[in-house]
Number of protein chains: 2
Amino acid sequence: MTDVEQPTGQTTTAPGDALELLGLVAYTELASFGRLAGDAAHAPTLRQRQALSRMAAAMLERQETVLGRIAELGGDPETCMASFDGLFDDFDARTRPSTWWEGILKGYVGQGVADDFCLLAAGALDERSRDVVVGSLTTDAPADRSAPVIADAATADPVLAARLALWGRRLVGEALGVVGVALSAHPALGRLVAEAGREAGAAPEPGSTQSWVFARLTAEHTRRMDRLGLAA
Amino acid sequence: MTDVEQPTGQTTTAPGDALELLGLVAYTELASFGRLAGDAAHAPTLRQRQALSRMAAAMLERQETVLGRIAELGGDPETCMASFDGLFDDFDARTRPSTWWEGILKGYVGQGVADDFCLLAAGALDERSRDVVVGSLTTDAPADRSAPVIADAATADPVLAARLALWGRRLVGEALGVVGVALSAHPALGRLVAEAGREAGAAPEPGSTQSWVFARLTAEHTRRMDRLGLAA
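Residues numbered from 1 in each chain as written. Chains lettered and ligands numbered in written order. Predicted model: local features only at pLDDT ≥ 70, side-chain atom pairs only at ≥ 80, totals over all residues. Heavy atoms only, no water.

*Asks:* Would you mind showing me how to read the relation of the copies chain B and chain A here?
*Replies:* Here the two chain copies are tied together by a rotation about an axis and a shift along that axis. When chain B is fitted to chain A, the best match, at an RMSD of 0.0 Å, comes from turning it 180° and sliding it 0.0 Å along the axis. Seen this way, the second copy is the image of the first under a two-fold rotation axis. Considering only C-alpha atoms, the part of chain B nearest the rotation axis is B:Ala57, at 2.2 Å. Most of the interface of chain B is mirrored in chain A, where 100% of its interface residues are also at the interface. (Least-squares fit on C-alpha atoms with pLDDT ≥ 70 in both. Contact = heavy atoms within 4.5 Å.)

*Asks:* For this particular structure, what's the right way to read the nonpolar core?
*Replies:* General note: in soluble globular proteins, nonpolar side chains tend to be found buried as a group. If you look at the biggest cluster of nonpolar residues, it comprises 146 residues, and the most contacted ones within it are A:Leu21, A:Leu105, A:Phe117, B:Leu21, B:Leu105 and B:Phe117. In contact with A:Leu105, other than residues within four places in its own chain, are A:Gly110, A:Ile150, A:Leu164, A:Trp167, A:Gly168, A:Leu171 and A:Leu228. (Core = buried A, V, L, I, M, F, W, Y, C linked by side-chain atoms within 4.5 Å. Buried < 20%, exposed > 50% of the residue type's maximum accessible area, 1.4 Å probe, protein only.)

*Asks:* Please clarify how the pattern of salt bridges should be interpreted in this entry.
*Replies:* As a working rule, side chains carrying opposite charge can pair if their charged atoms are close by. Per the counting criterion, the structure on display carries 26 salt bridges over all chains. Note that B:Glu78 and A:Arg47 form a salt bridge whose closest N and O atoms lie 2.8 Å from each other. Placement of the pair is B:Glu78 in helix α3 (residues 77-82) and A:Arg47 in helix α2 (residues 46-72), with the two residues belonging to separate chains. In this structure, B:Asp116 engages B:Arg224 in a salt bridge whose closest nitrogen and oxygen atoms are separated by 2.1 Å. (Salt bridge = Lys/Arg side-chain N within 4 Å of Asp/Glu carboxyl O. Helix = DSSP H or I, 4+ residues; strand = E, 2+ residues; numbered from the N terminus.)

*Asks:* Would you mind going over helix α10 (residues 209-228) of chain B with me for this structure?
*Replies:* For the α-helix, the turn length of 3.6 residues means that residues three or four positions removed from each other point alike. Residues and elements named next belong to chain B. Spanning 20 residues, α10 covers 29 Å between terminal C-alpha atoms, matching the ideal 28 Å at 1.5 Å per step. For α10, the complete set of buried residues consists of Thr 209, Trp 212, Val 213, Leu 217, His 221, Arg 224, Met 225 and Leu 228. Just downstream of α10, Gly 229 is the residue with a positive phi angle, here 75°. (Expected span 1.5 Å × (residues − 1).)

*Asks:* For this particular structure, what's the right way to read the side chain of A:Arg49?
*Replies:* Structurally, A:Arg49 is set in helix α2. A residue is classified by how much of its surface remains accessible, and A:Arg49, at 18% relative accessible area, is buried. Side chain to side chain, A:Arg49 and B:Tyr27 meet in a polar contact 3.3 Å long. Not counting residues within four places of it along the chain, the set of residues in contact with A:Arg49 comprises A:Ala40, A:Ala43, B:Tyr27, B:Leu30, B:Ala31 and B:Asp85. (Polar contact = N/O pair within 3.5 Å; in protein donor to acceptor, adjacent residues only side chain to side chain.)

*Asks:* Would you mind showing me how to read the environment of B:Asp131 here?
*Replies:* Residues and elements named next belong to chain B. By secondary structure assignment, the location of Asp 131 is in helix α6 (residues 127-138). Exposure remark for Asp 131: the relative accessible area of 46% places this residue in the partly exposed category. With 67 residues separating them in the primary sequence, Asp 131 and Glu 64 have C-alpha atoms 14 Å apart.

*Asks:* Mind showing me how you'd approach the interface of chain B and chain A here?
*Replies:* Interfaces are often described in size by the accessible area the parts lose on coming together. Every contact between the two is made by 22 residues of chain B and, on the other side, 22 residues of chain A. Between chain B and chain A, a total of about 2000 Å² is buried, with carbon and sulfur atoms accounting for 57% of that surface. When the area that chain B buries against chain A is broken down by residue, the three leading residues are B:Leu46, B:Gln50 and B:Glu78, summing to 30%. At the surface where chain B touches chain A, the tally comes to 6 salt bridges. A salt bridge links B:Asp85 to A:Arg49; the nearest nitrogen and oxygen atoms lie 3.8 Å apart. Along the contact surface separating chain B from chain A lie 8 residue pairs in polar contact (both at pLDDT 80 or more). Elements supplying a minimum of two residues to the side of chain B that touches chain A: α1 (15-41), α2 (46-72) and α3 of chain B. If one sorts the elements of the side of chain B that touches chain A by residue count, α2(B) sits on top with 13 residues. (Buried area = accessible area lost by both parts, 1.4 Å probe.)

*Asks:* I keep staring at the packing of helix α9 (residues 187-199) of chain A against helix α10 (residues 209-228) of chain A and nothing clicks. Help me out?
*Replies:* Two quantities define a packed helix pair, namely the angle between the helix axes and the distance between the axes. All names here are of chain A. With their axes 10 Å apart at the nearest point, α9 and α10 run at an angle of 70° to one another. On the basis of the axis angle, α9 is roughly perpendicular to α10. Crossing angle aside, the handedness with which α9 passes α10 is left-handed. Taken together, the residues of α10 that come into contact with α9 (itself represented by Gly 190, Val 193, Ala 194 and Gly 197) are Thr 209, Trp 212 and Val 213. Along the lines of polarity and charge, the residues of the contact of α9 with α10 split into 4 nonpolar, 3 polar and no charged. (Axes fitted to C-alpha atoms, helices over the stretch in contact; angles between N-to-C directions. Parallel < 35°, antiparallel > 145°, perpendicular 65-115°, else oblique. Left-handed = near helix turned anticlockwise from the far one by under 90°. Nonpolar A, V, L, I, M, F, W, Y, C, P; charged D, E, K, R; others polar.)

Here it is as structure tokens:
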């Protein structure tokens, strides 16, 4: 799909494609920072406000490693992010949480899908870039912290659990919509996930990359909701 | 004013008073984090959004040194902050910015007054606590970054400059109101600024601590507005 030789690394991924994914990861982390900080501002207790603020700050610190890798590859961090500017606006407008819990689940589901997509595509990156993306998205992921909190609340309150299960289905549908938009607007991302699939020995059929990606992301989402004890 | 002996440090400040000020500093930084992150979310460009998010994250990192000092002195960081919870709610409700520039100036003026008050009171702390407060409030202060941005915009647009000058006077009045509330609700803060004043050889008359503090803060505010080229 690309005829540009990759000077370093084991894959044939074009450097431009790597920069595009790194830009998406960095932009996603900037957006997550804003969402976590917003959740913090509306947290019911000072303890949660402090904890969510801390998670937000740590998220932005991890983003620096991604911005640093973009610069190492000769890219401009802001230009790479700019092509994704506004990517989540429609998603946000369609999924305004009406309660604190809906907001927390939105972060868990929305960021989960975004992270899974980026991790999937990262399989096609050179080793160093892949390590940066994986480290940045999986170290101290806020989801690891919010999962037990949501699970406990859902166990204690079956009505809340039923509402959140419904909300989770709504969220994952909208999140997959964002992935579809990103794939059609950024062909580089489609090349990366197809290449990553081939390397993992699970090659999507030509022309069916998007449905292969959706199946993978939906399976991960189901596991994620299982961890909360909620029906996906 | 206190008969508790301070085991370390050069002052006679009671440890409880130190914890109270450290709690205020930490709470102020948590609030500034939220404000900066909120400004970031509404920034007109991705570059400003990234820059403001970075400032917010750095603010919370500096807050950790204050929380660490609270723990060293045997205090509970959240309990120390909790007694100030909601301190800025009234200020925020009364000074909702109607434009991006008003929001930026609000941060510059409001945080400037809060920082100056904390720095004034910190003069009465033991040396280690004072160093922590001064380091935390003056290293990479967001005001150092926003000042030239506001000054340039005001120079280029006299109508904006006139509006911001007016807005600045409104802000400082409301900010001094917050200081007055904090002083009456937290006698420890009054003891600290009075003690700091005595140590600096500029002792406020007994019973006139608040007006002495207001005079000092107003003078600093005037200097701060001068740096923007705006009339205080």
